[in-house]
Amino acid sequence: MARIIVVTSGKGGVGKTTSSAAIGIGLALKGHKVVLIDFDIGLRNLDLIMGCERRVVYDFVNVINGEATLNQALIKDKRVSSLSILPASQTRDKDALTKENVGKILEELAKTFDYIICDSPAGIEAGAMMALYYADEAIVTTNPEVSSVRDSDRILGMLASRSRRAELGLEPIKEHLLLTRYSPKRVEEGEMLSVEDVVDILSIPLLGVIPESQAVLKASNSGEPVILDIESDAGKAYQDVIERLLGETVEFRFLVAEKKGIFTRMFGG
């Protein structure tokens, strides 16, 4: 039975698509069959992060409208054969997605894939509601700042009330917290909320803490998900996320600012 996981947030620009790509490829590298779906109709960024933008011929809306089959629209990742991407349309109306047609596509994908990762648009508009409606699990992505955390709280309300599970009175969506762009140094200086602050406000289990890192921007620009950069702190943190998602107990890293040694303090750097 496929696990449908939505990667969501209340605020834009917090790293949802970066996280969706990293989680998708991370699960595939563990031997699972994974499909990544871009629900951001009209914008479409997942194919860029995955480095397959030139291979897009058909998209999600083409399949919904019967203009292409799923097989025609799915793009196989060149690095990991068990990973596929279903891109969003850049030109179509967001209202093209309905509960019925999205449900049919997810049902079809569930026959083939172990994990269906839904990369949601930010906020609570129609595309975001479609992305979360069928979810079994939600990875709520937030930055350690008040506005981002507050908007994530709104998303938790939607997950609890507007999903298929909520409508049918089934077991609630399993919620995970993913904290991105975290800087222990800035927390110490009072510029950011701490991990404890965010967990306290949102009251959902912590899945991962991704440190602020230039490696994320570099990876996005090169079409190589940052989890593949095994030397970077961000890459290592996403690898930890995969382990926890698969049920392993992994200690959290990158929560404390590095202390400079005496020579660094004396001579700079």
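Preceding this section is the structure that the text describes.
Just so it is clear, the structure is predicted and the values come from calculations on it, not from any experiment.

Rules of the game
- Residues numbered from 1 in each chain as written.
- Predicted model: local features only at pLDDT ≥ 70, side-chain atom pairs only at ≥ 80, totals over all residues.
- Heavy atoms only, no water.
- Polar contact = N/O pair within 3.5 Å; in protein donor to acceptor, adjacent residues only side chain to side chain.
- Helix = DSSP H or I, 4+ residues; strand = E, 2+ residues; numbered from the N terminus.
- Core = buried A, V, L, I, M, F, W, Y, C linked by side-chain atoms within 4.5 Å.
- Buried < 20%, exposed > 50% of the residue type's maximum accessible area, 1.4 Å probe, protein only.
- Contact = heavy atoms within 4.5 Å.
- Phe/Tyr/Trp six-rings, centres within 6.5 Å; stacked < 30°, edge-to-face > 60°.
- Axes fitted to C-alpha atoms, helices over the stretch in contact; angles between N-to-C directions.
- Parallel < 35°, antiparallel > 145°, perpendicular 65-115°, else oblique.
- Left-handed = near helix turned anticlockwise from the far one by under 90°.
- Pairing = 2+ DSSP bridges.

Time to look at helix H11 (residues 214-222). Capping the start of H11 is the job of one residue whose side-chain oxygen sits 3.0 Å from the backbone nitrogen of Ala-215: Ser-213. Looking one or two residues beyond H11, the residue adopting positive phi is Gly-223, at roughly 70 degrees.

Within the largest apolar cluster, 50 residues are counted, with the highest numbers of intra-cluster contacts made by Ile-37, Phe-39, Phe-60, Leu-109, Ile-116 and Leu-159. The contacts of Ile-116, once residues within four sequence positions are left out, are Ala-2, Arg-3, Ile-4, Ile-5, Val-35, Ile-37, Leu-106, Leu-109 and Ala-110. In terms of nonpolar packing, the next biggest core, distinct from the first, is built from 35 residues, Ile-5, Ala-21, Leu-46 and Ile-49 among them.

Here the focus is the side chain of Thr-142. You can see Thr-142 is positioned in strand E6 (residues 137-142). Here the side chain of Thr-142 touches Ser-148 through a polar contact of 2.8 Å, side chain to side chain. Filtering out sequence-adjacent residues up to four positions away, Thr-142 remains in contact with Val-14, Ser-148, Val-149, Ser-152, Leu-177, Leu-178, Leu-179, Thr-180, Val-198 and Leu-202.

Let us now look at the packing of aromatic side chains. Taken as a whole and assessed by the stated rule, the structure comprises two aromatic pairs. Judged by centre distance (5.2 Å) and plane angle (90 degrees), the ring pair of Phe-39 and Phe-60 falls under edge-to-face. A residue pair is termed long-range when its members are at least 10 positions apart, and Phe-39 in the loop between strand E2 (34-38) and helix H2 (46-49) and Phe-60 in helix H3 (residues 60-64) qualify at 21 residues. For Phe-39, a relative accessible area of 1% translates into the label buried. The class of Phe-60 is buried, set by a relative accessible area of 1%.

Let's shift gears to the packing of helix H7 (residues 146-161) against helix H10 (residues 195-202). Running from N to C, H7 and H10 point in directions that differ by 30 degrees, and their axes come no closer than 10 Å. Relative to H10, the element H7 lies roughly parallel. Handedness of the H7/H10 crossing: right-handed. When H7 is examined against H10, the residues Val-149, Ser-152, Asp-153 and Leu-156 are found in contact with a partner set consisting of Val-198, Ile-201 and Leu-202.

What follows is about the sheet that holds strand E4 (residues 83-86). Two strands in a sheet stick together by hydrogen bonds in their backbones, pointing the same way (parallel) or opposite ways (antiparallel). Read from one edge of the open sheet, eight strands run E3-E4-E2-E5-E1-E6-E7-E8, paired in mixed fashion. Strands at the two margins of the open sheet, each flanked by one partner only, are strand E3 (75-76) and strand E8 (206-211). Relative to strand E5 (residues 115-119), strand E1 (residues 3-8) runs parallel, the two being bridged by five bridges. In the strand pairing of E5, Val-7 is matched with Asp-119.

This paragraph deals with the environment of Met-50. Residue placement: Met-50 occurs in the loop between H2 and H3. With near-sequence residues (within four places) excluded, Met-50 lies in contact with Ala-21, Ile-25, Leu-36, Asp-77, Arg-79, Leu-83, Ile-85, Gly-223 and Pro-225.

Within the fold, Thr-18 resides in helix H1 (residues 16-29). By relative accessible area, which is 14% here, Thr-18 ends up buried. Sequence-distant contacts of Thr-18, defined by excluding residues within four places in its chain, comprise Ile-49, Val-216, Ser-220, Val-226 and Tyr-238.

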